[in-house]
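Commentary on secondary and tertiary structure
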Amino acid sequence: MPSLQETLLVFTDLDGTLLDFHTFDWQPAAPWLERLQDEQIPVILCSSKTASEMQDIQQELGLVGLPYIAENGAVIQPDVRWENAARFISEKKHDEIRQFIDRVRQELHLKFTTFDDVDDRVVAEWTGLSRPRSALARKHEASVTLIWRDGDEQMTRFATELARQGLNIVQGARFWHILDDSCGKDVAVHWLVGQYRLHEGKEPTTLGLGDGPNDAPLLDSVGFAVVVKGFNREGVSLKNNDPARVYHTQHTGPAGWREGLDHFLS
């Protein structure tokens, strides 16, 4: 079992995990966030959100300066204390991906709507975010976020075309995300653990929390995993679901997040 007395890293998804899926409230998790901060245990946000959103949320949660993983791993921010640790961003940039999928959409007559097709007001309606936070949600650097409005057969055709271009489509809690297939939450977790090993000179224990299908790579990449009860009908399918390693919560959102930390760290 992980311990507060060892070198521990906590990787966490946001929407539906640390943040309430509907209200984005995180207060039920506040006591644990404060305790982890007191123990100097990094809480590393790992989400499909943009870097601009992550920085804003870090400020709100008191996590400024810590690493984060944005856009499902296509963007990684190292700890600000590390010298010569460069920010990682995928070789395939947002504009390149957007132009490609626009062409494929036209050629295959696909039905989907991206964040680039609409304005901040519409994104606010889709997400429930404030208008300022919706503006941040549209600042993609290395991925594209979309609502899929077509059938399964068309999705298969779309995924095939993406794979030929070295791209992957990932299902999140609300939306689908397209990014370089060499990136992912699992790749980002391994990269950051390696950076901690290099800069801190210690082998960290890792604990991850998530609620959706796109969190499975994250949860499969950590030593201990919390599957927060979610709303996705497919759930989270893990390669190693050993009860000694994986805890499934009874509560959703930040209450489930707190429950998971209670299980492993109390």
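Look a little higher up for the structure.
Quick look at the structure, then. Quick caveat, the model's predicted, so the values are computed rather than measured.

1. Considering the side chain of Asp-15
With respect to the helices and strands, the residue Asp-15 is situated in the loop between β1 (8-12) and α1 (30-38). When near neighbours in sequence (up to four residues on either side) are disregarded, Asp-15 contacts Phe-24, Lys-49, Arg-174 and Asp-211.

2. Points about the sheet that holds strand β9 (residues 176-180)
Picture the strands of a sheet paired through backbone hydrogen bonds; they go either parallel or antiparallel. What the four strands build is an open sheet, ordered β6-β7-β9-β8; its pairing is antiparallel. Of all the strands in the sheet, the pair left with one neighbour each is β6 (112-114) and β8 (167-171). Across the sheet, the mean angle from the axis of one strand to that of its neighbour is 30 degrees, orientation sign disregarded. Judged from the four bridges that link them, strand β7 (residues 143-148) and β9 form a sheet pairing that is antiparallel. Each bridged residue has a counterpart across the sheet, and for Thr-145 the counterpart in β9 is His-177. Sitting on the sheet, helix α3 (residues 94-108) is in contact with β6, β7, β8 and β9, with an inclination near 35 degrees to β7. Its contacts with the sheet place helix α6 (residues 152-164) against β6, β7, β8 and β9, and it is angled at close to 140 degrees to β8.

3. Some thoughts on unusual backbone geometry
As a rule of thumb, non-glycine residues mostly have phi less than zero, and peptide bonds are mostly trans rather than cis. The phi dihedral of Gln-40 falls on the positive side, at around 60 degrees, and the residue is not glycine. In this fold, Gln-40 is placed in the loop between α1 and β2 (43-46).

4. Side note on the pairing of strand β11 (residues 224-229)
Within a regular beta strand, the side chains point alternately toward one face of the sheet and then the other, so they alternate between its two faces. With five of its six residues buried, β11 lies for the most part within the structure. As paired elements, strand β10 (residues 205-210) and β11 share four bridges and run parallel to each other. Paired with Leu-207 across the two strands is Phe-224, which belongs to β11. Of the strand pairs in this sheet, β11 and strand β12 (residues 246-252) are connected by four bridges, and their pairing is parallel. Across the sheet, Val-226 pairs through a bridge with Tyr-247, a residue of β12.

5. Overview of the packing of aromatic side chains
Inspection of the entire model under this criterion finds nine aromatic pairs. Here the aromatic rings of Trp-82 and Tyr-196 are separated by 4.7 Å at their centres, their planes lie at 85 degrees, and the arrangement is edge-to-face. Taken together, the residues span a long stretch of sequence, with Trp-82 in the loop between β4 (75-77) and β5 (88-89) and Tyr-196 in helix α7 (residues 185-200) at a distance of 114 residues. Take Trp-82 and Tyr-196: they sit in the same class, and that class is buried.

6. Digging into the nonpolar core
Leu-36, Leu-45, Leu-207, Trp-257 and Leu-265 are the most contacted members of the largest nonpolar core, which totals 39 residues. Listed by contribution, the elements that provide at least two residues to this core are β1, α1, β2, α2 (51-61), β3 (68-70), β10, β11 and α9 (253-265). In this view, Trp-257 contacts Thr-12, Thr-17, Leu-18, Ala-29, Trp-32, Leu-33, Leu-36, Leu-209 and Val-228; residues no more than four positions away in its chain are not counted. Ranked by size, the runner-up nonpolar core spans 22 residues in total, among them Leu-192, Val-222, Ala-225 and Val-227.

7. Brief notes about the sheet that holds β10
Spatially, eight strands are ordered β5-β4-β3-β2-β1-β10-β11-β12 in an open sheet, and the strand pairing comes out mixed. Strands at the two margins of the open sheet, each flanked by one partner only, are β5 and β12. Strands in contact with α7 are β1, β2, β3, β4 and β10; relative to β1, the strand with the most contacts, it is inclined by about 155 degrees. Across the sheet, α9 lies against β1, β10, β11 and β12, angled at about 145 degrees from β12, the strand it touches most.

What counts, and where the lines are drawn
- Residues numbered from 1 in each chain as written.
- Predicted model: local features only at pLDDT ≥ 70, side-chain atom pairs only at ≥ 80, totals over all residues.
- Heavy atoms only, no water.
- Helix = DSSP H or I, 4+ residues; strand = E, 2+ residues; numbered from the N terminus.
- Contact = heavy atoms within 4.5 Å.
- Pairing = 2+ DSSP bridges.
- Axes fitted to C-alpha atoms, helices over the stretch in contact; angles between N-to-C directions.
- Buried < 20%, exposed > 50% of the residue type's maximum accessible area, 1.4 Å probe, protein only.
- Phe/Tyr/Trp six-rings, centres within 6.5 Å; stacked < 30°, edge-to-face > 60°.
- Core = buried A, V, L, I, M, F, W, Y, C linked by side-chain atoms within 4.5 Å.

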